[in-house]
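# Understanding the architecture of this molecule
Spelled out, the chains give:
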Amino acid sequence: MVWSRNRLRVFHTTTTKPQKTSIFLRSISCARISSFPLTLHWNFSARLSFGLDATEMQGLDGGWKGGAGVDGAADKSPPASTMLWAEQLRKYVGSGAGLGSEALTEMETKRILHEAFRERQQKSVEAGAIPSFYKKKPAEGSAGAKLQRLARYRFLKKQAEVLLNADDLDAMWVCLRENCSLDSANGVEKMNYEDFCGIASICTEQIGPKCKRFFSPSNFLKFEKDEFGRIAILPFYLYVMRTVSLTQARIDMCELDDDGDGFLQPHEMEAYIRGLIPNLAQLRDIPAPFVSMYCRIATRKFFFFCDPQRRGKLCIKKVLLSNCLAELMELHQENEEDGADADSSDNWFSLGSAQRICDMFLALDKDLNGTLNKQELQAYSEGTLTEIFIERVFDEHVRRGRSGPGSGKAREMDFDSFLDFVLALENRDSTEGLTYLFKCLDLHSRGFLTAVDVHSLFRDVHRKWIEGGNYDLSIDDVRDEIWDMVKPADMTRITLQDMLNCRQGGTIASMLTDVRGFWAHDNRENLLQEEEEPQEEEGE
């Protein structure tokens, strides 16, 4: 220890150049450096890092004297000269000497923000109040609102610039096919991790760094590998396409989100669909007068499935992850076969489906007032729905609006409520559809069905069943069959969760509300046999 300290003293009296000092520091062994006193070690290293000359190091001798000396005496408190040097170092670093104007601006901004934060924190402590976690949105037209909108626009523009376009995706597909290997067993094009890294380098050269994020090791591990550690190139390419598509959809939706809260109002969602129509191959021939009505019909399905609480706004993240958006994007595909129109009618967003719903509403609206009363809705599905079910639909799901208790006018169903009604009946097996129907089946709004409720609901179905010329049946037998299908947790009642758990809730709801639905359940074996026969004939 004495030898090390003396050698340091001699060196500092003969050398003042920083580069020589750094060379000397690297030559000292770690064991000897670690044996210095903590204050000496830190001061000496800091001086060497900043390249201070011998004149500025005049306070260092005092620091050495304050450490463990030759005689072994140790002072627990650092000497005044060391503290003086530390203050000088802080002033030297904090002065910003040698920094550019941009760095000085950064330091000044940081200082102001720290002062503002400390001042606000001090006020909160003095007041003893809970810090605010909700900040009111800036007023429309204010400087804050304009700044927020401009910042969001620049951010979304930056995100769109790093997104792959159609030409980039085509180039990536060519690279994948040219640098993969063919599986001799099934003819599938595959690549191992080495090929994967090579393709990443080629794509980066041809497309740019914006495709590099798709070729990460974690992405490679997401896909199923064969015994040789290879993955198929097609699933990987579809993953890239879907990621790009969802990102572009999110950017487009966020651009329409005026208040930037991550939710879309009905008119904002309609604007998104309207902007999407020219890019959907199956909607290019849509009549111009029908565009507004089509956007309204399409938007309603998003609200039915993505807004179960009926708050009147859609969460953008939930829309992106929903099946509704995937169903809408299916319209990108061209109709190449003659039977494609019939298949596309099952898609709610197809042009044929939208026209069918409009024609249905106009046919039911006998008085042409734009709404449906109970008698008009009774004709839906050729009058197979029960009267008690129609009554419950109006009680639970029709807006009260202008027809209040004192208006003397019965409530009527508008077009949006009619769309919800159709969506619930056509999607009975979904959670949203069954929730809609269960509210109608729950005659007393208690959250469960009793044996009496089931008996009351099926009584109207039984009456229509007998009027249709079918055989007589026992209502109690049907009630027991429903209980056996549901297998409720509490045998005295059936809850919505019970109907969801049994996976037959849609069938049960159809049996209790629609005589045609009960007929389909009663003849399910014959219907299944009829469906299997044409398939066997086609196979022959």
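Residues numbered from 1 in each chain as written. Predicted model: local features only at pLDDT ≥ 70, side-chain atom pairs only at ≥ 80, totals over all residues. Heavy atoms only, no water.

### Describing the UniProt feature "domain: EF-hand" (unreviewed entry) in the chain
What counts is decided by this rule: UniProt positions are given in the numbering used here, feature names are shortened, and annotations may be inferred rather than shown by experiment. We count a stretch as a helix when DSSP gives it H or I for four or more residues in a row; a strand needs E for two or more, and each element gets its number in order from the N terminus.
Within this numbering scheme, the UniProt entry marks residues 244–279 and 352–387 as carrying the feature "domain: EF-hand" (unreviewed entry). Within residues 244–279, the helical portion is 67% and the strand portion 6%, while the C-alpha atoms at the span's ends are 15 Å from each other. Secondary structure over residues 352–387 splits into 53% helix and 0% strand, and the C-alpha atoms at its two ends are 30 Å apart.

### A look at the pattern of salt bridges
Put simply, the test is: Each salt bridge in this description consists of a side-chain nitrogen of Lys or Arg and a carboxyl oxygen of Asp or Glu lying within 4 Å of one another. Here the term buried applies to any residue with accessible area under 20% of the maximum for its type, exposed to any over 50%, and partly exposed to those in between, with areas from a 1.4 Å probe on protein chains only.
Under the criterion given, the structure shown has 26 salt bridges. Residue K137 pairs with D259 through a salt bridge whose shortest N-O separation is 3.3 Å. One end of the pair, K137, is in the loop between α7 (101–127) and α8 (143–161); the other, D259, is in the loop between α12 (233–256) and β4 (263–264), and 122 residues separate them in sequence. Judged by relative accessible area, which is 48%, K137 ranks as partly exposed.

### Details of the sheet that holds strand β1 (residues 181–182)
Condition: Pairing between two strands is assigned when DSSP locates at least 2 bridges connecting them.
The antiparallel open sheet is built from three strands, whose spatial order is β1-β2-β3. Bordering the open sheet on either side are β1 and β3 (231–232), each of which pairs with just one other strand. As paired elements, β1 and strand β2 (residues 189–191) share two bridges and run antiparallel to each other. Across the sheet, residue L182 finds its bridge partner in β2, namely E189.

### Some points on the packing of aromatic side chains
The following threshold applies: Between the rings of Phe, Tyr and Trp (Trp by its six-membered ring), a pair exists once the centres lie within 6.5 Å; its type follows the angle of the planes, with under 30 degrees stacked, over 60 edge-to-face, and the other angles tilted. Each ring is checked for a lysine NZ or an arginine CZ that lies within 6 Å of its centre and within 35 degrees of its normal; such an atom marks a charge sitting over the ring.
What the rule picks out here adds up to 20 aromatic pairs. With centroids separated by 6.3 Å and ring planes inclined at 80°, the aromatic side chains of Y380 and F418 adopt a geometry described as edge-to-face. Of the two residues, Y380 sits in the loop between α19 (374–378) and α20 (387–397) while F418 sits in helix α21 (residues 415–426), which places them 38 residues apart along the sequence. The exposure class assigned to F418 is buried, which follows from its relative accessible area of 0%. Taking the ring centre of F263 as reference, the NZ or CZ of K313 above it sits at 4.6 Å. One cation-aromatic arrangement involves R493 over F448; the distance from NZ or CZ to the ring centre is 4.0 Å.

### Considering the nonpolar core
Here is the rule we go by: To qualify as a nonpolar core, a set must consist of buried Ala, Val, Leu, Ile, Met, Phe, Trp, Tyr and Cys residues joined through side-chain atoms within 4.5 Å. Should any heavy atoms of two residues lie within 4.5 Å, those residues are considered in contact.
In this structure, Y294, F302, F418 and F421 are the most contacted members of the largest nonpolar core, which totals 113 residues. Among the elements that line this core, the one with the most residues is helix α14 (residues 291–306), at 10 residues. The contacts of Y294, once residues within four sequence positions are left out, are I273, I277, L283, I286, L328, L331, F349, S350 and A354.

### Quick notes on the confidence of the model for the chain
Defined as follows: Every residue carries a pLDDT, the predictor's confidence in it, which falls somewhere between 0 and 100.
Residues at a pLDDT of 70 or more form 74% of the chain, whose mean pLDDT is 81. Low pLDDT, under 50, characterises residues 1–76; the stretch is placed with 70 contacts to residues that sit more than four places away or in other chains. Every residue in residues 402–408 is under pLDDT 50, and counting partners more than four places away or in other chains gives five contacts.

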